[in-house]
Each structure stands twice: as C-alpha cells, then as structure tokens.
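Residue strings, one per chain:
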Amino acid sequence: MGQSFYVYNNGDLRRKDNTLRFTSSEGEKRDIPIERIDDIYVMSEMTFNTAFINYISQYGIPIHFFNYYHFYTGSFYPKEKLLAGQLLVKQVEHYTDYEKRMPIARKFIEAAADNIYRNLRYYNGRGKDVSGYMKEIDDLRKKIPATQTVEELMGVEGNIRKHYYAAWNTIVDQEIHFEKRVMHPPDNMINSLISFVNSLIYAKVLSEIYHTQINPTISYLHEPGVRRYSLCLDVAEVFKPLIGDRLIFSLLNRRQITEESFTKELNFLHLTKEASSLIVRELEERLKKTINHKELGKQVSYQYLSIR
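Residues numbered from 1 in each chain as written. Predicted model: local features only at pLDDT ≥ 70, side-chain atom pairs only at ≥ 80, totals over all residues. Heavy atoms only, no water.

## Focus: the sheet that holds strand β4 (residues 29-33)
We apply this condition: A pair of strands counts as paired when DSSP detects no fewer than two bridges linking them. Starting at the N terminus, helices and strands are each numbered in turn, a helix being any DSSP run of H or I of at least four residues and a strand any DSSP run of E of at least two. Note on contacts: a residue pair is in contact if any heavy atoms of the two residues lie within 4.5 Å. In this description, a line fitted to the C-alpha atoms serves as the axis of each element, helices being fitted only across the stretch in contact, and the angle between N-to-C directions of two axes falls anywhere from 0 to 180 degrees.
Reading across the sheet, the four strands line up as β4-β3-β2-β6 and stay open at both edges, with mixed pairing between neighbours. For this open sheet the edge positions go to β4 and β6 (46-47), each flanked by a neighbour on one side alone. In this structure, strand β3 (residues 19-24) lies alongside β4, joined through five bridges in antiparallel fashion. The residue bridging Thr 19 from the neighbouring strand is Pro 33, located in β4. Relative to the sheet, helix α1 (residues 50-58) contacts β2 (11-16) and β3, its axis offset from that of β2 by approximately 60 degrees.

Encoded structure:
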C-alpha cells in the first residue's frame, strides 16, 4: 500500500525514468518511487507535462488540486480500469427506483447521525455538558426511518447538524463564537477549517472509489450533477464526523490550530502553509489508526473502512 503525496512548494512534477521527480521553484529536486504513491495533493502552483500525466495514469494515481486558500478545486481522475457494466446498471437502477434509493440514502444519514451522536457522547463524558444537544439529536435521528423523500431526509439531517454545530462552542476550548455552517465562502475560522478538512475527506473518498468498480458520479443522497463526483459526497457524510470533526476538536483543544493559523486580513479564509501541512499530517495519522470491526472480525484502518 502506498501513501498520499502532498506538494506545498511551487515547482514542477515530471516523470524521471521509473520515478516521479519534483523540482521546487528554488531548484531543489526530490525523486519519489511511483509504487509508493496512492494519490497526489497539489497545494501550490505546479507545472506538468503530458509524459507525467500519461505515466501516473498507467498507475491509476489521481491528483487533487487546491487553490491559494486551500479550497478544493478539482481532481484529475485517470481512465477507469475496473469497469463493470452490470454494476453500473445496478447503480443506476437503485438511483432511478425510489424504493431502492431511499433505504441507501437513509443509511448514509443514519451512519452520519450515529457518529455525530457518538462525538457528543464522548465529550459529554469528559466534562462538556452537551446533554441537551444529544437529546435533540437523538429525537431527530429517530425520525430518519420514517422519511419518504430525499428532501425530507436532508431536512432532518440539516436540523441534526444545526444542533450539533451549536454544541461546538461547548466542546471547543477556545472562544470560537460558532453559530452556523457557511460554505461559499466560509465566513470565519471554524467554517474555513471545516471546509478544508471536509474537502480532504472528499478527495480521500474519491481516491478510494477509483480503486473499485463503483461509478463515483451516481449517488443516492446528493443529486448527481455536473462537475462533481456526487457519490463521494454521500460517503463523506459518514466520515466527516468520525474523522474530520474529531480531528478539528483535537487540533483546537490542543491549541495546535488557533486564529494565528489563519490570515486575519483575508477574513480567516486562508490557512498558513504550516497549519495546512499540520492538518494533513494529523489526518494521515488518523486514517492509519485501526479499530476492531465486529462484523469483519478483525482490526482495520479508517482508510480501509472508507470503501468497505
């Protein structure tokens, strides 16, 4: 199994014999054996040539791009090799048949709500009184099985997250004044942090889906649309509370991330390079963490679970 390669310095990526060579804008060179790479995350200005693109395509290596503000902008998705016509037909069938689609959509929200509740229960047991929010969310998640439409289901999910985010002011040991989730663009430090971490999880899910026969554009909770891999949005819902939010709480409560980690003049939209690289290091460590999976009967990593 390889690893993710994050590029923060400006420069050039090319094929060099049987390796990838990164040359920084200062002239520093680094060779990386291609067998060690699962996916590439470009957080800087980078140039490529067609030989490089063709080479990584042979090995099925996606590239994910982030802009100056470390907002996700898109991915290079190599040509799919694990094609399965019957599976594609089944995916479409379960989208077009509402009686088949709804149980799948509910499962995504049930799993996300369970992980949200588990987060609150964890911190409630450690002296953070979020019991009121837990009750509200518990009442709401009981309504999920009775939802009849995706719109109704998303409405329940939205209310769950409203109560969940309200609890963050209690969980976080910093004055964050977090009131609501704002995405386009984020309006404060917490929303910027959530957007960045969530986009990393989305990209991780996309990389993992690439190594399956599943089509990432056919989804069940989020509507399929142009210019996005909507199934990744579905799957990411499960892992955002479990991995992303727990990471954010840890970074904030250990004061590894503070207001100083952002550019104040840009309304906290821009993470510093040091803060961004710290977040990805911590995320990679969490993805390697293993848990005992009762159904599988063995120890598995969170990264393994993301596509199982």
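## Details of the packing of aromatic side chains
Where we set the bar: We call Phe, Tyr and Trp rings a pair once their centres come within 6.5 Å, taking the six-membered ring for Trp, and we label the pair stacked below 30 degrees between planes, edge-to-face above 60, and tilted otherwise. Whether a residue is buried, partly exposed or exposed follows from its accessible area with a 1.4 Å probe, protein chains only, as a fraction of its type maximum: under 20%, in between, or over 50%, in that order. For a ring to carry a charge above it, either NZ of a lysine or CZ of an arginine must fall within 6 Å of the ring centroid while also lying within 35 degrees of the normal to the ring plane.
Per the counting criterion, the structure on display carries 20 aromatic pairs. Consider the rings of Tyr 72 and Tyr 202, whose centres lie 5.2 Å apart with planes at 65 degrees: the pair is edge-to-face. With Tyr 72 in strand β8 (residues 72-76) and Tyr 202 in helix α7 (residues 189-210), the pair connects residues that are 130 residues apart, well separated along the chain. Using a relative accessible area of 23% as the deciding quantity, one classes Tyr 72 as partly exposed. Among the residues examined, Tyr 202 registers a relative accessible area of 10% and is labelled buried. What links up through ring pairs into an aromatic cluster is the set Tyr 122, Tyr 123, Tyr 164, Tyr 165, Trp 168, Phe 178 and Phe 249. Over the face of the ring belonging to Tyr 55 we find Arg 15, whose NZ or CZ atom lies 4.0 Å from the ring centre. One residue, Arg 246, lies across the ring of Tyr 122, its end atom 4.1 Å from the ring centre.

## Concerning the packing of helix α8 (residues 230-253) against helix α9 (residues 273-288)
Put simply, the rule reads: In what follows, roughly perpendicular refers to angles from 65 to 115 degrees, roughly parallel to angles under 35, roughly antiparallel to angles over 145, and oblique to any angle outside these ranges. Left-handed describes a crossing whose near helix is turned anticlockwise from the far helix through less than a right angle; right-handed describes the clockwise counterpart.
Contact geometry for α8 and α9: axes closest at 11 Å, N-to-C directions at 125 degrees. In terms of orientation, α8 lies oblique with respect to α9. When the axes of α8 and α9 are compared, the crossing they make is right-handed. Here Ile 243, Arg 246, Leu 247, Ser 250 and Leu 251 of α8 lie close against α9, whose contacting residues are Leu 278, Ile 279, Glu 282, Leu 283, Arg 286 and Leu 287.

## Let's talk about unusual backbone geometry
In this model, His 70 sits at a positive phi of 65 degrees, which is unusual for a non-glycine residue. Residue placement: His 70 occurs in the loop between β7 (63-66) and β8. With phi around 55 degrees, Arg 255 is a residue other than glycine that occupies positive phi space. For Arg 255, the location among the structural elements is in the loop between α8 and α9.

## Points about helix α3 (residues 98-124)
Structurally, the α-helix is built with 3.6 residues per turn, so residues lying three or four positions apart point the same way. Short version of the rule: In this analysis, the expected span of each helix is defined as 1.5 Å times one less than the number of residues it contains. Polar contacts here mean pairs of N or O atoms no more than 3.5 Å apart (in protein, one a potential hydrogen donor and the other a potential acceptor; neighbouring residues in sequence count only if both atoms are side-chain atoms).
Across its 27 residues, α3 extends 38 Å between first and last C-alpha, which sits within 8% of the 39 Å expected from 1.5 Å per residue. The opening residue of α3, the one whose side-chain oxygen lies 3.0 Å from the backbone nitrogen of Glu 99, is Asp 97.

Remember, this is a structural readout, not a statement about activity or role.
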